[in-house]
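Residues per chain are reported as follows:
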Amino acid sequence: KRGLAMSDQKPLIYGIIHIGSSNVSMRIVQYNSVKDIRVIESVRKDTTFGEEVFNQKRLSFPSIKKLCRMLEGLKQLLMDYQVKVYAVYATAVLREAENCRSIIDLVRVNTGFNVQVVDMPQEIYFKHFGLQYQFKEYNKAIGGRMGNNFLFVDITSGCIGLTVWEKGALCYQHNVHIGTLRLLETFKLNQRDSMDFPQALGEYIHAIMEPLWVTVRNYDIDTVILSGREARIVGRLMGYEIEKEITEVRKDVIIRFHEEAGSLSTSMLRQKYHIEESLASVVSPTIHIYKEILDNVPVKNVVMMGMTFVEAASLFYGAQKTKDPALLYMRAQNLELTRSIAASYYYEPDHARAMERYSYHIIRAFDRYNGLNERDEFLLRMAIILYQIGKYVNLLGSSIQAWSMVKGTDIFGISDKEKDIVACIVYYDHKGMPSDDDEPFRILSDESKMTALKLIAIFRLVRAMDMSRKQKLKDVSARIVKDCLLIEYESDENTALETWLFDKEKEFFENIFGMEAKLERR
């Protein structure tokens with residue numbers, strides 16, 4: 001209920017299930033706040049599903065049946081604990097499987113679970129939310145000994161996420177699509193077992209990552225934070241216990257391990273460290289990535305964090321459900337990061353902020369009417385910030401350029417599906433009726449199409465309201481009066497341009513929302 005203090009609310013109890021490349025895991029947690037989350041039950045079963053998908057590009061029917069049996073067992077455990085709230089996530093193992101749709105359908109039919117396949121940017125984002133929160137709390141507890149500027153490096157099977165925080169602000173994020181399995185996919189099996197493979201791998205990683213270092217070095221990084229399953233595997237081989245939350249690691253230990261293990265093939269790593277092939281295969285790519293980072297980014301401290309996806313998703317899910325301030329802070333940081341992306345192309349900050357303010361009031365007016373929520377407002381603000389970046393390439397075709405640039409950018413904090421909505425809004429920023437004849441609209445799901453139409457309609461109104469780029473409309477308010485959206489403002493200036501263009505754009509709005517729109521001076 002709104003208005004209740006957090007202490008007056010019942011704690012949230014829920015289950016999070018993760019179908020990963022190397023295991024299927026579940027956590028049942030009691031969430032009180034992002035600082036206070038208690039694990040009631042935690043289970044994990046190792047699998048070879050990731051290897052199978054990596055080698056065969058699909059999951060076989062016997063493996064799907066095995067997955068369903070495992071999920072049925074977890075469902076029974078949820079029932080034993082009387083947990084009715086839960087979410088089931090899958091990452092690279094289903095993302096990369098050609099028969100992903102069939103797997104999801106068979107799981108739903110056999111277990112009743114609706115699996116959400118988390119795309120790569122979202123996977124990195126879920127993990128980063130938990131990692132940055134835990135690390136900042138740790139740094140605070142040790143008196144800021146880790147410094148102020150941090151580079152988070154999260155390696156997954158399909159991607160490396162690089163994220164920089166400078167003096168408490170999120171200022172850089174880049175996903176490089178060369179995770180451990182994806183790197184191995186580049187080379188044939190006989191090449192991977194060759195004596196030349198480790199050197200070739202190191203050179204390949206350097207060729208792909210070198211363009212990033214000029215930007216990253218600008219931030220004068222104090223501490224690099226290495227995370228992911230790969231960090232736990234390599235950390236254990238170096239003699240560290242990475243299962244605990246945060247482990248400080250000496251740089252010279254990583255360099256020495258690279259000298260010792262970096263030149264060995266997968267089969268030699270198996271023999272030397274007595275580990276199974278699935279673990280040995282990720283050691284070489286991981287240690288070469290670490291060496292590449294330490295060679296190119298001067299850092300004072302190195303930290304390893306053992307946070308798993310299921311831990312991160314448990315934290316994120318609770319923060320989302322309770323609208324925890326930590327998540328709202330992260331969302332505000334995402335918008336600041338988006339502003340810096342826009343500023344590197346073409347961006348008018350005052351114009352964008354005026355449009356953001358106007359859209360805030362309009363969406364609040366719709367609170368109880370048209371199902372627009374905070375997430376929709378967040379996507380609209382992203383579109384407002386990014387809609388002019390196409391002008392950097394071509395003033396005449398700026399909308400199609402902006403669409404293409406948004407599509408080609410990893411935008412931290414939104415999924416690929418949400419990014420398609422943002423890209424669609426910028427494509428129809430000032431003209432055209434969204435239609436399946438156009439790719440930007442055609443590629444959206446039916447649900448996303450409706451969201452996009454509503455947001456485009458609002459976008460065009462607020463763009464008209466600051467068409468002169470002079471922020472003439474002051475003290476703007478919006479409310480629904482019968483079947484009309486009434487927007488009122490004060491101004492000492494001539495607002496003819498704004499009112500004329502508003503009248504032009506309101507027809508599209510009225511067709512989508514089924515109500516009139518009026519812009520009136522108080």
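Residues numbered from 1 in each chain as written. Predicted model: local features only at pLDDT ≥ 70, side-chain atom pairs only at ≥ 80, totals over all residues. Heavy atoms only, no water.

Caption draft 1: Up close: the packing of aromatic side chains. Applying the stated rule across the entire model yields 23 aromatic pairs. When the ring of Phe135 is compared with that of Phe152, the centres are 5.8 Å apart and the planes differ by 90 degrees; the resulting orientation is edge-to-face. Here Phe135 is found in helix H5 (residues 120-141), whereas its partner Phe152 is found in strand S6 (residues 149-155), with 17 residues between them in sequence. Considered together, Phe135 and Phe152 belong to a single accessibility category, that of buried residues. (Phe/Tyr/Trp six-rings, centres within 6.5 Å; stacked < 30°, edge-to-face > 60°. Helix = DSSP H or I, 4+ residues; strand = E, 2+ residues; numbered from the N terminus. Buried < 20%, exposed > 50% of the residue type's maximum accessible area, 1.4 Å probe, protein only.)

Caption draft 2: Fine view of a nonpolar patch on the surface. A contiguous nonpolar surface patch, about 390 Å² in accessible area, is contributed by Tyr345, Tyr346, Tyr392 and Val393. Locating Tyr392 in the fold gives a position in the loop between helix H16 (374-386) and helix H17 (398-407). (Patch = residues over 30% accessible without salt bridge, like charges linked within 9 Å, V, L, I, M, F, W, Y side chains within 5 Å. Areas by Shrake-Rupley, 256 points an atom, 1.4 Å probe, with all protein chains shown as cover. Salt bridge = Lys/Arg side-chain N within 4 Å of Asp/Glu carboxyl O.)

Caption draft 3: Examining the packing of helix H15 (residues 349-365) against H16 more closely. Packing of H15 against H16 brings their axes to within 10 Å, and their N-to-C directions diverge by 160 degrees. Here H16 runs roughly antiparallel to H15, going by the angle between their axes. The chirality of how H15 crosses H16 is right-handed. Contacts between H15 and H16 involve Ala352, Met355, Glu356, Ser359, Tyr360, Ile363 and Arg364 from the former and Glu374, Glu377, Leu380, Arg381, Ile384 and Ile385 from the latter. Here the contact of H15 with H16 is composed, by residue class, of seven nonpolar, one polar and five charged. (Axes fitted to C-alpha atoms, helices over the stretch in contact; angles between N-to-C directions. Parallel < 35°, antiparallel > 145°, perpendicular 65-115°, else oblique. Left-handed = near helix turned anticlockwise from the far one by under 90°. Contact = heavy atoms within 4.5 Å. Nonpolar A, V, L, I, M, F, W, Y, C, P; charged D, E, K, R; others polar.)

Caption draft 4: Spotlight on the side chain of Arg192. Its place among the elements puts Arg192 in helix H7 (residues 189-192). In this structure Arg192 is buried but unpaired, with Glu277 as the nearest side chain of opposite charge at 6.3 Å. At 2.8 Å, the side chain of Arg192 forms a polar contact with the backbone oxygen of Phe187. Discounting residues that sit within four places of it in the chain, Arg192 has contacts with Phe54, Leu184, Phe187, Phe197, Ser265 and Thr266. (Lys, Arg positive; Asp, Glu negative; His and termini not counted. Polar contact = N/O pair within 3.5 Å; in protein donor to acceptor, adjacent residues only side chain to side chain.)

Caption draft 5: Here's a closer look at H15. Between the first and last C-alpha of H15 there are 25 Å, a value that for 17 residues agrees with the 24 Å anticipated at 1.5 Å per step. For H15, the complete set of buried residues consists of His351, Ala352, Ala354, Met355, Glu356, Tyr358, Ser359, Ile362, Ile363 and Ala365. Buried residues belonging to H15 abut helix H14 (325-343), H16, helix H20 (446-465), strand S12 (474-481) and strand S13 (484-490). (Expected span 1.5 Å × (residues − 1).)

Caption draft 6: Quick peek at the nonpolar core. Among the nonpolar cores identified, the biggest contains 64 residues, and Phe366, Ile458, Met465, Leu485, Ile487 and Phe509 are the most heavily contacted of them. Those residues in contact with Met465 that lie beyond four places of it in its chain are Tyr358, Leu473, Val476, Ile487, Glu498, Phe502 and Leu519. Formed by 54 residues, the second largest nonpolar core is a distinct cluster that contains Leu201, Ile221, Leu264 and Leu279. (Core = buried A, V, L, I, M, F, W, Y, C linked by side-chain atoms within 4.5 Å.)

Caption draft 7: Main features of the sheet that holds strand S8 (residues 169-176). Here we have six strands laid out as an open sheet, ordered S8-S7-S6-S9-S11-S10, and mixed in their pairing. Taken across any chain shown, the strands that pair with only one partner, and hence form the sheet edges, are S8 and strand S10 (246-249). This sheet shows a mean twist of 20 degrees between the axes of neighbouring strands, independent of strand direction. Inspection of the sheet shows S6 paired to strand S7 (residues 160-166) by seven bridges, in the antiparallel sense. The partner of Ile155 across the bridge, within S7, is Ile160. (Pairing = 2+ DSSP bridges.)

Caption draft 8: Representation of the pairing of S8 in the model. The element S8 is extensively covered by neighbouring structure, given that six of its eight residues are classed as buried. Two strands pair when backbone bridges link them, and S7 and S8 are joined in this way by seven bridges, in the antiparallel orientation. Bridging across to S8, Leu162 finds its partner in His174. The turn joining S7 and S8, which pair antiparallel and follow one another in sequence, is formed by two residues; a positive phi near 50 degrees is taken by Lys167.

Caption draft 9: Here's a closer look at a positive patch on the surface. Taken together, the side chains of Lys45, Lys65, Lys66 and Arg69 present a region of like positive charge at the surface. A per-element tally of the positive patch places helix H2 (residues 61-80) first, with three residues. Structurally, Arg69 can be placed in helix H2. (Charge placed at Lys NZ, Arg CZ, Asp CG, Glu CD.)

Caption draft 10: Molecular detail of the pattern of salt bridges. One pass over the structure, following the stated rule, counts 24 salt bridges. One salt-bridge network, held together by shared partners, links Glu336, Arg339, Glu356 and Arg381.

Caption draft 11: The arrangement of helix H8 (residues 197-217) in detail. With 21 residues, H8 ought to run about 30 Å at 1.5 Å a step, and its terminal C-alpha atoms sit 29 Å apart, in line with that. The sharpest bend along H8 measures roughly 45 degrees and falls at Met209, with the proline Pro211 sitting one to four residues further on. Every buried residue of H8 is accounted for by Phe197, Pro198, Leu201, Gly202, Ile205, Met209, Leu212, Trp213 and Val216. Packing partners of the buried residues in H8 comprise S6, S7, S8, helix H6 (180-185), H7 and helix H12 (277-296). (Bend = angle between axes of the 7 residues up to and from the residue.)

Caption draft 12: Main features of the sheet that holds strand S14 (residues 516-521). With respect to topology, three strands assemble into an open sheet ordered S12-S13-S14, the strand pairing being mixed. Across the chains shown, the open sheet's two edge strands, defined by having one partner strand only, are S12 and S14. If you compare each strand with its neighbour and ignore which way they point, the axes differ by 15 degrees on average. Bridging between S13 and S14 involves six bridges; their strand directions are parallel. In the sheet register, Ile487 faces S14, and the bridge partner there is Leu519. Across the face of the sheet, helix H21 (residues 496-513) comes into contact with S13 and S14 while running at roughly 160 degrees to S14.

Caption draft 13: Here's a closer look at the environment of Asp416. Within the secondary structure layout, Asp416 lies in helix H18 (residues 416-427). Separated by 295 residues in the primary sequence, Asp416 and Pro121 place their C-alpha atoms 7.4 Å from one another. Non-local contacts of Asp416, meaning those with residues more than four positions away in its chain, are made with Asp119 and Pro121.

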